[in-house]
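Next come the chains, spelled out residue by residue.
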Amino acid sequence: MPFIPHTRDDVQAMLDTIGVSGIEELFDEIPDRLRISGLDGVPEALGEQGVGRLMMTRSEQDGRPLCFIGAGAYDHHIPAAVWEIATRGEFYSAYTPYQAEASQGTLQLIYEFQTMMARLMAMDVSNASLYDGASALAEAVLMAIRANRKSKSRKVLMPVTVHPNYRKTTDTIVQNQSIEIVEIPYDPSGGHTTLDSLAAHAGSDIAAVVIPQPNFFGVLEDVDEITDWAHQQGALVIAVVNPVAMALLKPPGEWGENGADIVCGEGQPLGVPLSSGGPYFGFMCTTSKLVRQMPGRIVGATVDRDDRRGYALTLQAREQHIRRSKATSNICTNQGLMVTAATIHMAIVGPEGLRQAALQSHANTNRLVQALTANEHVDKVFDRPCFHEAVLRFNLNLNMKGILRPLHAHNLLPGYELGTDYSELDNALLVCATEARSDEDIDLYAGHLNRIIERQTTAGCPVQPKM
Amino acid sequence: MSNVPTELKYTRSHEWLRTNDDGTVTVGITDHAQEQLGDMVYVEVPEVGQEVVANDACAVVESVKAASDVYAPVGGEVVEINESLADNPDAVNRDAFGDGWIMKLQLGDAGQLDALLDAAEYDAFVASEA
């Protein structure tokens, strides 16, 4: 059934009115060479039952493994009430409604979300969310280039300790806008970005410096020093942060003398399940001074003619439907449903609950690192403080597969293999234990790992994993 | 007929220009322009020291209805901006030719002024647009 309400007569009447013979004629101006007759690689349509079976089979392949992978998405506890409330009919929509002000409940919720995010980040304003953490960083880079009018260069310093996928996404989005992304190497013993590595760029015209906190390795960066250095260079500071970590660490608005200028990141840890990688949501905050350069929608509080509080989309002169080609926001949608869940999540756990989750995640990861590095063949790679992730290296002559495959067979996700993105970190694993992992879970991981390593080292031959 | 002071120069994009004794020129938008745009909520001014070319979009006036670029009537270096507009954008509505000025430019070649309209020409232009 096509979900189009017009009858054949309706369509004919419209065509007659504008004087064309058929719908196809409306597309005449598109040249033949730009048209395609079909879509390669898209399979034949399936009926509802067929799709249902296919999706069921695929979702069963996910299983319920014990997860020790973080690497940008985190398995935190989500109170049952969060999605019970978020999926109520009144909330259950992916979009801000087109006549936004007619949905005061939705706008109020987004307003609360903005307030919570701005407070968590110690920034003046937040937008109503973006697609995900990676595209939020790309948008932050574009915003910084627009906003830093003192800088004539379009150069952005990007530490390689920023999530590899965020860097790839940013490259994809900005590469054709003559923006130069300069990668900054990390310190091999600390796993952090040093002022020494930035110093090579001192005195040159830099539009912005990106600072991750914690960085992709879970390591804490010297955010105060780097922020002040960047500001001395006339650059804006873009913070990419884990929102849960901000319940514990110094928020970007308080970094250095003057704080970060733009803050962005992935909102998934705030009440959104891992869910095979999405949908998640990106967030962005900034200062009042730069708010007109911020992309995305912003909800403001106002009063109606009877002086009652109401909510409205505000600062819309930034947006494409008013500003046209000069718009500073070309994103007029947000991840409404994910933001709904995040807002309810934050409201339920409260500031103290968020802090507890952060503290316990930190403690659990420390416990995990201790349990795993108790084995003489496993070492912690970086010596700097971490939040809730750490890099471990396996000092074995065998490749990682011989260790990881049997762990997978035990229904355990042991960590993220860093060799894929960092060739110098071959045989290294990024591990994470959130507050949702118990002591038993950690002991189970350590137990399996010790047995597997022992078999490898004593047998002196590659392990054949039992599947 | 709207308010069009005779001592000023004008553009077809509704900016006004006043030549000052010190070789600078003051630029703003006309009373007619502010009337069309409605209540101002924000004026984005250029940076002092910025070099602008004639017809460059170098400022933005944002009203409750629209955001419009302000074009430089002549080329030159921005030597001063009206910082009070940050807190009082409505000065553009109240006094477009006075307190509502946007920027001062160091005029390079005075010959550039010849291309601009005088008050009578601007008035006629506005009438023709209506």
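Everything below is about the structure shown above.
Residues numbered from 1 in each chain as written. Chains lettered and ligands numbered in written order. Predicted model: local features only at pLDDT ≥ 70, side-chain atom pairs only at ≥ 80, totals over all residues.

Undergrad: Mind showing me how you'd approach the overall build of chain B here?
TA: Secondary structure summary: chain B contains three helices and nine strands in total. Scanning chain B from its N terminus toward the C terminus, one meets helices and strands in the order β-β-β-α-β-β-β-β-β-α-β-α. For 130 residues, the compact-globule estimate of 2.2 N^0.38 gives 14 Å, and chain B sits close to it at 13 Å. Taken along its principal axes, the extent of the C-alpha atoms in chain B is 35 × 35 × 25 Å. In chain B, which comprises 130 residues, the share counted as buried stands at 41%. Here the contacts in chain B between residues at least 6 apart in sequence split such that 65% fall between residues at least 24 apart. (Helix = DSSP H or I, 4+ residues; strand = E, 2+ residues; numbered from the N terminus. Rg over C-alpha atoms; globule rule 2.2 N^0.38 Å. Buried ≥ 20, exposed ≤ 12 C-beta atoms within 10 Å, placed from the backbone. Contact = placed C-beta atoms within 7 Å.)

Undergrad: I would appreciate a short explanation of the interface of chain A and chain B in the present structure.
TA: In many analyses, interface size is given as the accessible surface area lost on bringing the parts together. At the junction of the two partners, chain A supplies seven residues and chain B supplies seven residues. Partitioned by chemical class, the residues of the side of chain A that touches chain B number two nonpolar, no polar and five charged. (Nonpolar A, V, L, I, M, F, W, Y, C, P; charged D, E, K, R; others polar.)

Undergrad: What is the right way to read the sheet that holds strand β4 (residues 40–44) of chain B from this model?
TA: Neighbouring strands of a sheet are bound in pairs by backbone hydrogen bonds; such pairs are parallel or else antiparallel. All names here are of chain B. One open sheet accounts for three strands, arranged β4-β6-β7; its pairing is antiparallel. Where the open sheet ends on each side, the last strands, each with one partner, are β4 and β7 (67–71). Between one strand axis and the next, the sheet turns by 25° as a mean value, whatever way the strands run. Taken together, the four bridges between β4 and strand β6 (residues 57–63) define a ladder with antiparallel strand orientation. (Pairing = 2+ DSSP bridges. Axes fitted to C-alpha atoms, helices over the stretch in contact; angles between N-to-C directions.)

Undergrad: What should I look at first to understand the nonpolar core in this one?
TA: Taken as a class, soluble globular proteins show a tendency for nonpolar side chains to be buried jointly. Residues and elements named next belong to chain A. In terms of nonpolar packing, the biggest core is built from 159 residues, with Val 141, Ala 144, Ala 208, Ile 238 and Ile 262 touching the most fellow members. Here the element with the most residues in this core is helix α10 (residues 336–373); it accounts for 14 residues. The two domains that each donate at least three residues to this core are domain 1 (80–344) and domain 2 (350–459). Leaving out residues up to four positions away in the same chain, Ile 238 has contacts with Ala 140, Val 141, Ala 144, Ala 208, Val 210, Ile 262 and Cys 264. (Core = buried A, V, L, I, M, F, W, Y, C linked by C-beta atoms within 7 Å. Domains from an automatic or database assignment.)

Undergrad: Explanation requested: the environment of Gly 72 of chain A in the structure shown.
TA: Residue and element names in this part refer to chain A. Tracing the chain through its elements places Gly 72 in the loop between β1 (66–67) and α3 (80–86). With 23 C-beta atoms counted inside 10 Å, the residue Gly 72 sits in the buried group. For the pair Gly 72 and Gly 278, spaced 206 residues apart in sequence, the C-alpha to C-alpha distance is 12 Å. Once residues within four sequence positions are removed from consideration, Gly 72 is found in contact with Gly 133, His 163, Asn 165 and Glu 266.

Undergrad: Can you help me understand the pairing of strand β10 (residues 309–313) of chain A in this one?
TA: Walk down a regular strand and you will see the side chains alternate between the two sheet faces. Residue and element names in this part refer to chain A. Across five bridges, strand β9 (residues 299–303) lies against β10 in antiparallel orientation. By the bridge assignment, Ala 301 is partnered in β10 with Tyr 311. Here β9 hands over to β10 after five residues, with Asp 307 in that stretch at a positive phi of 65°.

Undergrad: I tried to follow the sheet that holds strand β7 (residues 262–266) of chain A on my own but got confused; where do I start?
TA: Residues and elements named next belong to chain A. The strand order across the open sheet formed by seven strands is β2-β8-β7-β6-β5-β3-β4, and the pairing between neighbours is mixed. What marks the edges here is a single partner per strand, and that holds for β2 (125–126) and β4 (180–184). As judged from the two bridges shared by β2 and strand β8 (residues 282–286), these two strands associate in the antiparallel manner. What sits directly across from Val 125, in β8, is Thr 286.

Undergrad: Would you mind showing me how to read the pairing of strand β6 (residues 236–241) of chain A here?
TA: Residues and elements named next belong to chain A. Burial analysis of β6 places six of its six residues in the buried class, which makes it a mostly covered element. Direction of pairing for strand β5 (residues 208–213) relative to β6: parallel, over a ladder of six bridges. Opposite Ala 208, over in β6, you have Leu 236 as the bridge partner. For the handedness criterion, the β-α-β arrangement of β5, helix α8 (residues 223–232) and β6 is classed as right-handed. Bridging between β6 and β7 involves three bridges; their strand directions are parallel. Bridge pairing links Ile 238 to Ile 262 in β7. (Right-handed = clockwise from strand over helix to strand, strands pointing away.)

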